[in-house]
Amino acid sequence: MTVPALFTRPDRSVAALVGAAWIAPHEPAAAPAGERPAHLLRTRFEWHGDAEGAWLVATAHGIYEAFLNGIRVGDQELTPGFTSYRSRLEVQEFDVTGLLRPGTNTLVLLLSDGWFRGRHGFQRRPDGFGTRTAALAAVVVEGSAAPLAATGPGWESRTSHVTRADLMDGQAVDLTLLDPAWFTGDGDGWHAVHTPSDALVADRSRLVPAEGPPVRRIEELSPTAITTPRPGTAVIDLGQNINGWMRLTDLGPSGTRLTLTHGESLDADGLVTLEHLRAFNFATKEMLTAGQVDQVISAGRPADVFEPRHTTHGFRYVQIDGVPEGLDLSGGRGVVVHTDLARTGEFACSDPRLERLHEVVRWSLRGNVCAVPTDCPQRERSGFTGDWQVFVATAALLADVDGFSRRWLRDLAADQWTDGRVPTVIPNPAGAQPSGDAFEDMSAGSAGWGDAAAIVPWELWRAYGDADALAEQFPAALAWVRYAAGRAAAGRHPDRAAARPVEAPHERYLWDTGFHFGEWLEPGVPPRPDPAVDHGIVATAFLHRSAHLAALMAGIVGRDDAAAECREIADGALAAWRAEYLQEDGTLAEESQGHYVRALAFGLVTEALRPQTASRLAALIETAGEHLGTGFLATGQLLEVLADNGQEALAHRLLVSTGQPSWLGMLDAGATTMWEWWDGIDAEGAVRGSLNHYSKGAVASFLHTHVAGIRLPAAPAAGESAYRRVTIAPVPGGLTRASSTLATPAGELAVSWQIAEGVFTLDVTLPAATTATVSLPDGTTTVVTGGTHRWIARTAGAAPEEG
């Protein structure tokens, strides 16, 4: 039985915990990270059946599940989720009225390390927020000032049948240890709980009602194949790379020990390989293990189920070792777990490969929205700022990411350093300060990553139109722009200073020092995460972009003083970029596809030179054999820039190109999610990096905005955002039909077009309050508002037929 969770009521959820005290498990000596068990926390309380409604209100340092009278409470997973715990800890609320019974009731919390104390990030360091787990909970009833139960000194604790639980390393369960009496008030081995007294538990101001949609079990996948590459070993192929876990129902005779290794790829022997997911420890100079290993010891009870809900994995394949003769694994299921985002965007066209690409991108989004927007669901599982800033606009076409992103932006603001720089990952275990790790601290404030402070709220404004959300995030955006401008003014790159000893006036806004990731993972270009490298052409471009957006934001939220300040910075950075990198013929002093894409996408090139700049970008692509050459930052803008600057045919040829590097090349190599590297699987089958990184999937925007043709204004004013004003301008390329349907804040917006016998037919359905400027391939343009419309483009133009 599962009790659905209610939406949080702020007047009740946090206030209900006033009478509760933080409690911690009985843990005389903590085990090493990755080997720590989950603990049970328990109390008994009386209820006389006189309440109209009852709710469990709870939160934790760690991950908790709640059980009332032996029945799991709610359908949420990984509660309380991942936030900047030092500043914001979310409180959940569940309706438990149907689980109460007259007389004695037993409430049990199962508590594990989670993000609070477990391993985290690419260096997989533990204890990021503290060294002890803890819980805070109460059961409250309608109309009563006193809770039925509340955490405090009377609770008891013991270790559970979950013998180890870590989000990255995996979970182990010994079902022979499980005593059902634990959940009904009996059983032995219990101890008094510990009462923590550290400064973090003392700070109740950080308790906030749960925000945005929760994490849930979304879907179950059946195996597409089960192989036995060696005796005692089975490999399950789900046919799809996911984030989640495996659910097994046949566990074998008592004492059977099954070890599950989760991965994205198989080696030559058909076994799961994790070598491509191992990360480098900068402190020890050693390669780290990849984790993702679960284990279950069977008790031989037919009704037992193994479902490890205190970990998640990024995987397509599961290698199960220790399989006895006769064990039936066909009932195993891959459980897809992520934040429960409403699906909002659909795309179809005449090329099945592009339809498949769209869904592969959607799967990458689904694999990387587990509580926070992560870069990958296996190796790092961190909220990398750069990844979300390049993908958030695409994500908003596929799902409702408004509440999800606003929640994350609150964590960004909380963890922003006092000087305005933004950590590379949000939430940041160290909070709004250096972590003490040399690489993490050095990389904080990288251009293209820290710019998420301005770009993400701006893209949310375009898609959802919430001015209050824009105003809430504006201080963080302004602080970032001031930080970046200050860094630009504070130094000169040594190479530039040596070549030009006298500083030019424009260099005040030239950001050419400090650490930057740069374009990152361009095909054939080794990464250069080195502060000695001059990434000024990238950093200065982003300084202009964020300052420009911050000025627009300031105008919308009524900060005229800040708008003027940001315009001055934006204009200064633009002048500096042009002085250093833009040449008189429209070419760039430092050439790469990414630099040209940014030049056009960010408006860095003068209008007079845009055709020459676009032509040079096209020439670079043709020189590369008509293959793209962009990395993390520019890939999502590449096709749009080409199509918007007279290179529509080339944009479509790139979209449908194959081989490496290309999007369809990934699919041809078997990708079911987008890869981190363009050559994630090379021609010889060698695997590198993560096979589930959504950044390069930002191309899915082009399918909606250009192939189907639905475009938001680049700088919508109040009353124009959230699809209240759009442009409909399909770019058919070599396709014969395409359609996009979007669930927008204004209502459903649908565009469908087809070409048959030389005639172009366009059907558009607009929400009542939406005004659209419609441009047809023959040059015909018209403006319509609301309703259903049809255009048939003939040699003499097009005329609307009202539906």
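Before reading on, note that the structure itself is shown above.
Each value, and the rule that gives it
Residues numbered from 1 in each chain as written. Predicted model: local features only at pLDDT ≥ 70, side-chain atom pairs only at ≥ 80, totals over all residues. Heavy atoms only, no water. Helix = DSSP H or I, 4+ residues; strand = E, 2+ residues; numbered from the N terminus. Contact = heavy atoms within 4.5 Å. Pairing = 2+ DSSP bridges. Core = buried A, V, L, I, M, F, W, Y, C linked by side-chain atoms within 4.5 Å. Buried < 20%, exposed > 50% of the residue type's maximum accessible area, 1.4 Å probe, protein only. Phe/Tyr/Trp six-rings, centres within 6.5 Å; stacked < 30°, edge-to-face > 60°. Lys NZ or Arg CZ within 6 Å of the ring centre and 35° of its normal.

> Account for the side chain of histidine 120, with residues named and values stated.
By the secondary structure assignment, histidine 120 is in the loop between helix H1 (114-117) and strand S7 (134-141). If we skip the residues at most four places from it in the chain, histidine 120 touches Phe82, Trp115, Arg125, Met168, Arg381, Ser382, Pro427 and Pro429.

> Outline the sheet that holds strand S1 (residues 39-47), supporting the account with residue identities and numerical values.
Strand order in this open sheet of six strands is S4-S3-S6-S1-S9-S12, and the pairing throughout is antiparallel. At either margin of the open sheet sits one strand with a lone partner, and together these are strand S4 (71-72) and strand S12 (191-192). Relative to strand S6 (residues 103-112), strand S3 (residues 63-68) is paired through six bridges, and the arrangement is antiparallel. Paired with leucine 68 across the two strands is leucine 107, which belongs to S6.

> Could you give an account of the sheet that holds strand S5 (residues 89-95), naming the residues involved and the relevant values?
Read across the open sheet, the five strands follow the order S8-S7-S2-S5-S13; overall the sheet is mixed. With partners counted over all chains shown, the strands left at the sheet margins are strand S8 (149-150) and strand S13 (207-209), one partner each. For strand S2 (residues 54-61) and S7, the ladder comprises eight bridges, and the chain directions are antiparallel. Residue pairing for S7: alanine 60 is matched across the bridge by alanine 135.

> Kindly report on the nonpolar core, identifying the contributing residues and their values.
The biggest cluster of nonpolar side chains holds 179 residues, and the ones touching the most others in it are Leu357, Trp388, Phe391, Leu639, Ile728 and Leu762. For this core, the element with the highest residue contribution is helix H10 (residues 536-557), accounting for twelve residues. Among residues more than four places away in sequence, those in contact with isoleucine 728 are Gly709, Ile710, Leu749, Val751, Leu762, Val764, Ala772, Thr773, Val774 and Ser775.

> An account of the pairing of strand S32 (residues 759-775) is requested, with residue identities and associated values reported.
With four bridges joining them, strand S29 (residues 725-728) and S32 adopt parallel strand pairing. Paired with isoleucine 728 across the bridge in S32 is valine 774. Two strands pair when backbone bridges link them, and strand S31 (residues 747-756) and S32 are joined in this way by seven bridges, in the antiparallel orientation. The residue of S32 that forms the bridge with valine 751 is valine 764. Connecting the antiparallel pair S31 and S32 is a turn made up of two residues, with glutamate 757 showing a positive phi of about 55°. Between S32 and strand S33 (residues 781-794), which follow one another and run antiparallel, lie five residues, and glycine 779 among them has a positive phi close to 95°.

> Any chance you could break down the packing of aromatic side chains for me, citing the residues and the numbers?
One pass over the structure, following the stated rule, counts 23 aromatic pairs. Each ring, one from tryptophan 388 and one from phenylalanine 404, has its centre 5.8 Å from the other, and the planes form 80°; the classification is edge-to-face. Residue tryptophan 388 is found in helix H4 (residues 385-398), and its partner phenylalanine 404 is found in helix H5 (residues 402-415); the two are separated by 16 residues along the sequence. Under the relative-accessibility criterion, tryptophan 388 is labelled buried at 0%. Residue classification places phenylalanine 404 among the buried residues on the basis of a relative accessible area of 2%. When the ring of phenylalanine 391 is compared with that of tyrosine 694, the centres are 4.5 Å apart and the planes differ by 15°; the resulting orientation is stacked. In this pair, phenylalanine 391 is assigned in helix H4 and tyrosine 694 in the loop between helix H16 (663-668) and helix H17 (700-708), connecting sequence segments 303 residues apart. The pair phenylalanine 391 / tyrosine 694 is uniform in exposure class, with both members buried. Joined through ring pairs, the aromatic side chains of Phe122, Phe439, Trp449, Phe515, Phe517 and Trp520 make up one cluster. Here the guanidinium or amino end of arginine 42 rests over the ring plane of tryptophan 190, the centre of that ring lying 3.8 Å away. We note arginine 688 situated over the ring of tryptophan 677; from NZ or CZ to the ring centre the distance is 3.6 Å.

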